[in-house]
Amino acid sequence: MAKILVVDDEADLEILVKQKFRKKIRENVYEFIFAQNGEEALQKVSEHPDLDIILSDINMPIMDGLTLLSRLPEANPMLKAVMVSAYGDMQNIRTAMNRGAFDFVCKPVDFDDLDLTMEKTIMHVKQLQETIKAIKENNILKMYVDENVINFMTNKEFETSLLKNEMLEATVLFVDVCGFTSITEQFPANTIVNLLNGLFDTIVKEIIAQEGHVDKFMGDAVMAVFRGKYHLDRAIDAGLALKNQIKNIEEITVGDKKYKPEISIGINSGEMVSGNIGSASLKRFDYTVIGDAVNTAQRLQSVAKPGQILISEAVFNIVKESFKCELNGEYVLKNKSVSVNTYEVIE
């Protein structure tokens, strides 16, 4: 239903409008609200923020229609006005259009023509409203979805390639906030959420600084993927920067409880599958990477101690001339049949 404000000082116009549009009023196509001058119209605009269009006369007491036009952008920038006036000379029409009128209808009113003009104006307003809504939804979507997914969704082949995937060489970094689960029982829920969001913000900034992208947040952990040139070096640089940033965060005290944020990091590089993982029937997907290289990165993080950045021996052999690393020991990682030599990245 379209909500229409009619602004005219002629008392019989309200009756005439209700008669001419009685069928559409009855069918809830149109809802009319009436005002007798521009000042009263602005009050109605304030009282009814869901108005779609205005039909306004020009010559009215207190505030004329042209003055009303100049005040509308401040009152409600989405509203569009159609001027309905006997003063249909070119000067008034030009003034009205320059002040933002969408259209102009001359009196005496041809109500069939007015109805078509209203439909056209309402359609334009609805399109504007949908555009604004889409922009708002897109801005909200950007808060929850990685930029790579947004770019993928704008591809013209998006709908036909939902279940397609690609093999690529990349590096995965897992960061876990150590000991966070234990403090959830000690600190208030709001404190926990604010603390975790603050830590995540610090982590994400360093990942972005090295041109990585956050794949997902998993409880108190973050998964990031690095692609392109020097992806392994950039991931390790991000890990070292994260380690230093978190180390400099002071101990947090709430009541008699204290918490010093620490993180453990696992990094691994290799071949992995990138694509949408999920259900076409449910229409729910996770645009991510999977594979043994990804699983190993997560397992390395799980055995890393607070403050450690662990890599596999294969990764160590690639980066040993670029980064200072120390042998950390041999571990049997979860779901691995063969033990893995691990190295800690120092600097």
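Residues numbered from 1 in each chain as written. Predicted model: local features only at pLDDT ≥ 70, side-chain atom pairs only at ≥ 80, totals over all residues. Heavy atoms only, no water.

Visitor: Which residues make up the overall build of the protein, and what are the values?
Guide: A tally of helices and strands in the protein yields 12 helices and 15 strands. The 347 residues of the protein split such that 42% are buried. Counted over contacts in the protein with a minimum sequence separation of 6, partners at least 24 positions apart contribute 65%. Within the structure as shown, the protein displays about 19400 Å² of accessible surface, and the carbon and sulfur contribution to it stands at 50%. (Helix = DSSP H or I, 4+ residues; strand = E, 2+ residues; numbered from the N terminus. Buried < 20%, exposed > 50% of the residue type's maximum accessible area, 1.4 Å probe, protein only. Contact = heavy atoms within 4.5 Å. Areas by Shrake-Rupley, 256 points an atom, 1.4 Å probe, with all protein chains shown as cover.)

Visitor: Please give an account of the environment of Asp110 that cites residues and values.
Guide: Along the chain, the position of Asp110 falls in the loop between β5 (103-106) and α6 (111-144). Within the structure, the side chain of Asp110 is placed 3.1 Å from the backbone nitrogen of Asp112, a separation counted as a polar contact. (Polar contact = N/O pair within 3.5 Å; in protein donor to acceptor, adjacent residues only side chain to side chain.)

Visitor: Describe the packing of aromatic side chains, with residues and values.
Guide: Following the criterion strictly, the structure yields seven aromatic pairs and no others. Considering the side-chain rings of Phe21 and Phe111, the 6.0 Å spacing of their centres and the 65 degrees angle between planes classify their relative orientation as edge-to-face. Note that Phe21 is positioned in the loop between α1 (11-20) and α2 (22-26) and Phe111 in helix α6, a separation of 90 residues in sequence. Owing to a relative accessible area of 4%, Phe21 belongs among the buried residues under this scheme. Ring pairs connect the aromatic residues Phe21, Tyr30, Phe32, Phe34 and Phe111, which therefore count as one cluster. (Phe/Tyr/Trp six-rings, centres within 6.5 Å; stacked < 30°, edge-to-face > 60°.)

Visitor: Provide a residue-level description of the side chain of Asp220, including the pertinent values.
Guide: Inspection of the secondary structure puts Asp220 in the loop between β7 (213-218) and β8 (221-226). Buried charged residue Asp220 carries no salt bridge. Nearest counter-charge: Arg299, at 14 Å. In this structure Asp220 touches Val175, Asp176, Val177, Phe180, Thr181, Leu196 and Phe200, once residues within four positions along its chain are discounted. (Lys, Arg positive; Asp, Glu negative; His and termini not counted. Salt bridge = Lys/Arg side-chain N within 4 Å of Asp/Glu carboxyl O.)

Visitor: How would you explain the packing of helix α3 (residues 38-47) against helix α4 (residues 65-75) if you had to name every residue and give the values?
Guide: Remark: α3 packs on α4, axes separated minimally by 11 Å, with the N-to-C direction vectors making an angle of 15 degrees. In terms of orientation, α3 lies roughly parallel with respect to α4. Judged by the twist between their axes, the crossing of α3 over α4 is right-handed. Judged by residue contacts, Gly38, Ala41, Leu42 and Val45 of α3 engage Leu68, Arg71, Leu72 and Ala75 from α4. When the residues that make up the contact of α3 with α4 are grouped by side-chain class, the tally is six nonpolar, one polar and one charged. (Axes fitted to C-alpha atoms, helices over the stretch in contact; angles between N-to-C directions. Parallel < 35°, antiparallel > 145°, perpendicular 65-115°, else oblique. Left-handed = near helix turned anticlockwise from the far one by under 90°. Nonpolar A, V, L, I, M, F, W, Y, C, P; charged D, E, K, R; others polar.)

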